[in-house]
Amino acid sequence: MCGIAGVVSSAGVNPELVRDMCEVISHRGPDGEGYHVEPTAVLGMRRLAIIDVGGGQQPVSNENGTVVAVFNGEIYNFPELRRDLLARGHHLTSAGDSECLVHLYEEYGDDLVHRLRGMFAFAIWDRPRQRLLLARDRLGKKPLYWHVGQSSIRFASELKSLLLDPTVPRDVNLVALHHYLTYQYVPAPWSIREGVCKLAPGHLLVWEGGTAEVRRYWQLDSTPRLVTDERAEEERLRELLLEATRIRMVSERPLGAFLSGGIDSSAVVAAMAMQSSERIKTFSIGFEDARFDERSHARSLARHYGTDHHEFVVTPDLLDMLPRLAWYFDEPFADYSAIPSFYVAQLSREHVTVVLNGDGGDECFGGYRRYVLAARSARIPMAPPSVAPALARIGARLARRNSQLLRRRAGRALQYLSQPAPRRHAQLMSSFTAEQKTWLYSESLRSRLREIDSHTLLDDAYLSSKAGTGLGRILDVDVNTYLPGDLLVKVDTTTMAHSLEARSPLLDHALMEWAAGLPVDLKVRGGETKRIFRRAVASWLPDELVTRPKQGFGVPLAAWLRGELRELVFDTLTDHSARTRGYFRPEAVLHLLESHQKGASHSGRIWALLQLELWHRAHERTEARCPAP
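Conventions and cut-offs
Residues numbered from 1 in each chain as written. Predicted model: local features only at pLDDT ≥ 70, side-chain atom pairs only at ≥ 80, totals over all residues. Heavy atoms only, no water. Helix = DSSP H or I, 4+ residues; strand = E, 2+ residues; numbered from the N terminus. Rg over C-alpha atoms; globule rule 2.2 N^0.38 Å. Buried < 20%, exposed > 50% of the residue type's maximum accessible area, 1.4 Å probe, protein only. Pairing = 2+ DSSP bridges. Axes fitted to C-alpha atoms, helices over the stretch in contact; angles between N-to-C directions. Parallel < 35°, antiparallel > 145°, perpendicular 65-115°, else oblique. Contact = heavy atoms within 4.5 Å. Nonpolar A, V, L, I, M, F, W, Y, C, P; charged D, E, K, R; others polar. Salt bridge = Lys/Arg side-chain N within 4 Å of Asp/Glu carboxyl O. Polar contact = N/O pair within 3.5 Å; in protein donor to acceptor, adjacent residues only side chain to side chain. Left-handed = near helix turned anticlockwise from the far one by under 90°. Phe/Tyr/Trp six-rings, centres within 6.5 Å; stacked < 30°, edge-to-face > 60°. Lys, Arg positive; Asp, Glu negative; His and termini not counted.

**Examining the overall build of the protein**
- Looking only at helices and strands, the protein has 28 helices and 17 strands in total.
- A globule of 629 residues ought to have a C-alpha radius of gyration of about 25 Å, and the protein, at 24 Å, matches this closely.
- With respect to the principal axes defined by its C-alpha atoms, the protein has extents near 75 × 60 × 50 Å.
- Scored against the burial criterion, the 629 residues of the protein give a buried share of 60%.

**So, the pairing of strand β11 (residues 203-208)**
- For β11, a buried count of five out of six residues is recorded, marking the element as mostly surrounded by other parts of the structure.
- In this structure, β11 lies alongside strand β12 (residues 211-216), joined through six bridges in antiparallel fashion. Opposite L205, over in β12, you have V214 as the bridge partner.
- Between the antiparallel neighbours β11 and β12 lie two residues, among them G209 with a positive phi of about 60°.

**Let's talk about helix α15 (residues 421-429)**
- The buried count for α15 comes to seven of nine residues, which makes it a mostly enclosed element.
- If you check which residues of α15 are buried, you get P422, R423, R424, H425, A426, Q427 and M429.

**Considerations on the sheet that holds strand β6 (residues 118-126)**
- Taken in spatial order, the six strands of this open sheet run β4-β5-β6-β7-β11-β12, and their pairing is antiparallel. Every other strand in the sheet has two partners, leaving β4 (60-61) and β12 as the edge strands with one partner each.
- Where β6 meets strand β7 (residues 131-136), six bridges bridge the pair, whose relative direction is antiparallel. Of the residues in β7, the one forming a bridge with I124 is L133.

**Structural notes on the packing of helix α19 (residues 470-480) against helix α20 (residues 482-496)**
- Their axes nearest at 4 Å, the elements α19 and α20 cross at an angle of 50°. Regarding the angle of α19 to α20, the classification is oblique. Between α19, through V477, D478, V479 and N480, and α20, the contact on the second element is made entirely by Y482, L483 and P484.
- Looking at the contact of α19 with α20, its residues break down into five nonpolar, one polar and one charged.

**Let's talk about the pattern of salt bridges**
- With the rule as written, the count across this model stands at 41 salt bridges.
- The salt bridge partner of E16 is R19, with a shortest N-O separation of 3.4 Å. A residue pair is termed a helical-turn pair when its members lie 3 or 4 positions apart in one helix, as E16 and R19 do in helix α1 (residues 15-25) at three residues.
- Among the residues examined, E16 registers a relative accessible area of 47% and is labelled partly exposed.

**Overview of the sheet that holds strand β13 (residues 255-258)**
- Ordered in space as β15-β14-β13-β16-β17, the five strands form an open sheet in which the pairing is parallel. At either margin of the open sheet sits one strand with a lone partner, and together these are β15 (308-314) and β17 (501-503). If you compare each strand with its neighbour and ignore which way they point, the axes differ by 30° on average.
- Here β13 runs beside strand β14 (residues 281-287); their pairing, made up of three bridges, is parallel. When the sheet's bridge partners are listed, G256 is paired in β14 with K281.
- Against the sheet, helix α7 (residues 263-273) engages β13, β14 and β16 (354-356), with an angle of about 155° to β13.
- Strands β14 and β15 of the sheet are contacted by helix α8 (residues 295-305), whose axis makes an angle of about 175° with β15.

**Topic: helix α21 (residues 509-516)**
- For α21, the tally of buried residues reaches six of eight residues, placing the bulk of the element in the interior.
- Looking at α21, one finds that the buried residues are H509, L511, M512, W514, A515 and A516.
- Here α21 starts with a cap whose side-chain oxygen sits 3.0 Å from the backbone nitrogen of A510, and that cap is D508.

**A word on the pairing of strand β9 (residues 152-156)**
- Among the five residues in β9, five count as buried, and that is most of the element.
- Along β9, one buried face is formed by S152, R154 and A156 and the opposite face, lined by I153 and F155, is buried too.
- Judged from the five bridges that link them, strand β1 (residues 3-9) and β9 form a sheet pairing that is antiparallel. Within the sheet, the bridge partner assigned to V8 lies in β9 and is I153.
- Across five bridges, the pairing between strand β8 (residues 145-149) and β9 is antiparallel. Counted as the bridge partner of G149 is S152 from β9.
- If you look at the hairpin formed by β8 and β9, you'll find two residues sitting between the two strands, and S151 has a positive phi there, around 60°.

**Description of the packing of helix α12 (residues 369-377) against α19**
- Relative orientation of the contacting elements α12 and α19 amounts to 150°, with a least axis distance of 9 Å. Read as a crossing pair, α12 and α19 show a hand that is right-handed. Contact with α12, carried on its side by R370, Y371, A374 and A375, involves L471, I474, L475 and D478 of α19 and no other residues of that element.
- Of the residues that constitute the contact of α12 with α19, the class distribution is six nonpolar, no polar and two charged.

**A word on the packing of aromatic side chains**
- In this structure the tally under the stated criterion is 12 aromatic pairs.
- With centroids separated by 6.0 Å and ring planes inclined at 40°, the aromatic side chains of Y328 and F342 adopt a geometry described as tilted. Remark: F342 occurs in helix α10 (residues 338-349) and Y328 occurs in helix α9 (residues 321-328); sequence separation between them is 14 residues. Per residue, the accessibility class of Y328 equals that of F342, and both read buried.

**Considerations on the side chain of R295**
- By the secondary structure assignment, R295 is in helix α8.
- Accessibility expressed as a relative area gives 16% for R295, which makes it buried.
- Leaving out residues up to four positions away in the same chain, R295 has contacts with I285, G286, F287, E311 and V313.

**Let's talk about the side chain of E363**
- Of note, E363 is situated in helix α11 (residues 361-365).
- Among buried charged residues, E363 stands out as having no salt bridge; its nearest opposite-charge side chain is R370, 5.2 Å away.
- Side chain to side chain, E363 and Y368 meet in a polar contact 2.5 Å long.
- Discounting chain neighbours no more than four positions away, the residues touching E363 are Y368, Y371, L475, D478, V479, Y482, L483 and L487.

**Focus: unusual backbone geometry**
- Following A188, the chain continues to P189 via a peptide bond in cis, the omega torsion being 10°.
- Relative to the assigned elements, P189 resides in the loop between α5 (174-183) and β10 (196-198).
- Of note in the backbone geometry, Q130 takes a positive phi value of approximately 50° without being a glycine.
- Its location among the elements puts Q130 in the loop between β6 and β7.
- By relative accessible area, which is 32% here, Q130 ends up partly exposed.
- At K530, a position not held by glycine, the phi torsion is positive, near 55°.
- Within the secondary structure, K530 sits in the loop between α21 and α22 (531-537).

Structure follows, in structure tokens:
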């Protein structure tokens, strides 16, 4: 694991606290560590060295030590940045990317973020101005938490690190809990701890004169442009993907790729193989249940390019792993694809230190089936305001109480069509609906959260989009919510748990900015998803990988909860600790569990409750150490 931490305070700082905060960040043991110490500021970091392994120690400073930085991530365009800085007269003592930050700050101030191409969370301390700058990359690949106290600010890559400071509150933020049950993750800027915030993707924070100011520096512009030559756009896509992949293959450590068998990871592996003189190492996860197993497709691509391929089969023997997984995630996190992600990272780390993946292809190019549904349902206008509430109530009753699958589906369809476009999307993205949360909550929690509508987060993202169509706006919503809040948290946490660095060529911001301007019908047309992407990479891949439908990184969770995990779930969610937290009505939780055992589909909701309870137990420990396997 690697990360940064620090404290700035006009009342003075205890260096030992920051050293302890950095120690917590290191799960497996770092390649290096460093601290900048002065009376009012202590900045520290733990390093997983990938570039300039021998000389890339941190903190880094300018020539006279007046500007100091700590940094987590990778800057892929650092060779060009170094050349420009040297031409401007700066003196650089290392060969890596970290040192560029302090000199870029000298040249451009806070606008240095616009010069960076990569994934990052960094802190820059300007000693003469007694000014702290925090920044997070455009998409939110690297995390950054912060807390403001009396005349002080604390920051860290991990929430558990901040909590070593006894002045940081440990109370659960109930609004964050409310949002978690809707989305299966806690969206920024909230964190699960009261008074602690996450710096949102594409934002920076300035701490000066005892005041914190947060502002956004980047937002994807989805304004559609005119396209007259689809073939030319396909060629441009291939060029951008090859470049984004090439710059992410720079590493002094062994490098490989996750290979799921889907078109995104297959295209990335193809781009790697076409630009590498060495055999690419690839890693796949599978299941004994054939409905969730994509290994045969991954093998097809591996044979096609002659990769050094490795596989692992996930079984439901998770009793030891689940508490550890809950500890690695600083906040409750209920995307159950974290399980295969954790195992494929563990498998990969036995062979490599850096992996490339296919994350971002679905959001950039329209890969989810829900986008087809959104495009088709857009032709059906929302019911008139006088009728919509009644349709929604009828649909809710059918969906909740009917034992017949077709009638439940009809109920969900009525609920879906009774709402405007952003709320239709919100329904598809929700684990618990507002009605289900009200039914589940204790009376005290219900009264405290009565006025909080979690779906306004998606409403705001939808309304702020510049996309020209409703479907374009929905893709934009996912880029700003689901992608950074769920997918990137999952990948960063599970890979960093094994000191493995994950890089995502399809999330290169130059490629994303180009893709955002494509007319939406080049992404989703009729029943075809990811139209332009499939056509662009078709010549790189075996035919069956281009035409096969998206399967997703799922797990046979419903069967596990009725089988091997049944006892764990019942014991964990109905024991004294769970019942006395005061969040939920015990009889409602028990009803949910028993209903699932009888055949109803509640696996996602039960998993969300289980992960919340496991998170509580993992993080209530007096020492912030990972539970032993």
